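# Tertiary structure, described
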Amino acid sequence: MNIAIIDDDIDFIQALRHEVEKYMESRQIEYTIDTYKDSQYPELLDKIQASEYYDLFLLDIQMTAINGLDLAHEIQMKYIEPTFLFITNFYRYAMECYVYSAVRYILKVDYVKKLPEALDACVKKIYQIKAREERKTIVIEDGRSIYKCFHKDIYFIQKERKHVVVHLRTEQRQFKMTLEKIMKTLDSSMFVYADRGVIVNLQHINEIRDYMVYLDNGEVVAESVARDKPLRAAIIRYCGERK
């Protein structure tokens with residue numbers, strides 16, 4: 001489990017890290033923890049943009065360099081279903097936190113006492129997300145080869161003459177088949193046409209601007225004018241189903 005801690009108090013960051021480590025070891029969960037001072041938030045966003053994946057974000061809210069709610073919004077633009085645990089000094093942000101689907105909101109004054117139960121809830125949600133994603137697989141068969149992968153690892157699929165090229169998280173695979181045939185094997189709630197010759201994974205779309213689709217691995221694909229409105233509607237529907 002990959003965890004990111006962001007706060008403007010370096011001493012609290014280290015104390016919180018220690019408590020999280022104790023929790024993870026007591027539950028025998030494999031983990032990594034990256035810590036960020038609030039002024040390092042651009043580094044965090046750059047890592048996410050470069051496909052670094054965090055299962056859990058532990059965020060303060062009232063920080064010097066950036067408000068934690070604004071940072072949660074930035075992260076939410078890059079992740080379909082991020083898991084947030086807010087740890088702060090103030091009650092007044094509680095309702096706003098849940099706009100970002102925060103699993104828990106706890107106060108720093110008694111965080112040591114409240115943290116284990118909050119982390120239990122976060123871990124439960126993360127395992128549910130992983131189980132759901134693991135069930136979404138695709139088997140691609142073109143008569144010459146069979147290839148199995150997870151839906152989440154596909155960024156987009158592009159037609160090239162008599163072949164399709166599947167752009168995956170770590171590689172590209174080419175198959176001799178039509179785009180229409182491969183579309184029939186995909187989860188239609190996750191994959192849509194951006195153009196007659198391109199299928200995109202809604203999970204990885206960061207932005208649509210000027211008929212270009214920007215993906216969270218840095219790649220950009222063109223969309224047709226005719227597909228712009230349906231694609232935008234599909235993104236809104238997809239995100240809404242996962243709240």
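Scope of this entry: the structure provided in the associated data block. All figures in this text were calculated on a predicted structure; none of them were measured in a lab. (Residues numbered from 1 in each chain as written. Predicted model: local features only at pLDDT ≥ 70, side-chain atom pairs only at ≥ 80, totals over all residues. Heavy atoms only, no water.)

All right, on to helix H3 (residues 68-76) then. Those residues of H3 that fall on the buried side of the exposure criterion are Gly-68, Leu-69, Leu-71, Ala-72 and Ile-75. One side of H3 holds all its buried residues, which, seen down the axis, span an arc of 155 degrees. The N-cap residue of H3 is Asn-67: its side-chain oxygen and the backbone nitrogen of Leu-69 are 2.7 Å apart. (Buried < 20%, exposed > 50% of the residue type's maximum accessible area, 1.4 Å probe, protein only. Helix = DSSP H or I, 4+ residues; strand = E, 2+ residues; numbered from the N terminus. Arc of directions from axis to C-beta. Polar contact = N/O pair within 3.5 Å; in protein donor to acceptor, adjacent residues only side chain to side chain.)

Our focus in this paragraph is the sheet that holds strand E9 (residues 163-168). Spatially, five strands are ordered E10-E9-E8-E12-E11 in an open sheet, and the strand pairing comes out antiparallel. Of all strands in the sheet, those bounded by a partner on one side alone are strand E10 (172-175) and strand E11 (191-195). Along the sheet, successive strands turn relative to each other by an average axial angle of 20 degrees, direction set aside. Here four bridges tie E11 to strand E12 (residues 198-201), and the two strands are oriented antiparallel to one another. The partner of Tyr-193 across the bridge, within E12, is Ile-199. (Pairing = 2+ DSSP bridges. Axes fitted to C-alpha atoms, helices over the stretch in contact; angles between N-to-C directions.)

If you trace the backbone, Lys-125 turns up in helix H5 (residues 111-134). A distance of 3.2 Å separates a polar side-chain atom of Lys-125 from the backbone oxygen of Pro-82.

A few words now on the environment of Lys-176. Tracing the chain through its elements places Lys-176 in the loop between E10 and helix H6 (179-185). A sequence separation of 34 residues divides Lys-176 from Asp-142, and the C-alpha atoms of the two residues are 5.8 Å apart. In this structure, Lys-176 is in contact with Asp-142, Arg-144, Lys-162 and His-163, ignoring residues within four places of it in sequence. (Contact = heavy atoms within 4.5 Å.)

Let us now look at unusual backbone geometry. You will see that Arg-161, though not glycine, has its phi angle at about 55 degrees, which is positive. Note on placement: Arg-161 falls in the loop between strand E8 (154-160) and E9.

Limitation: the analysis is restricted to geometry and does not speak to function.
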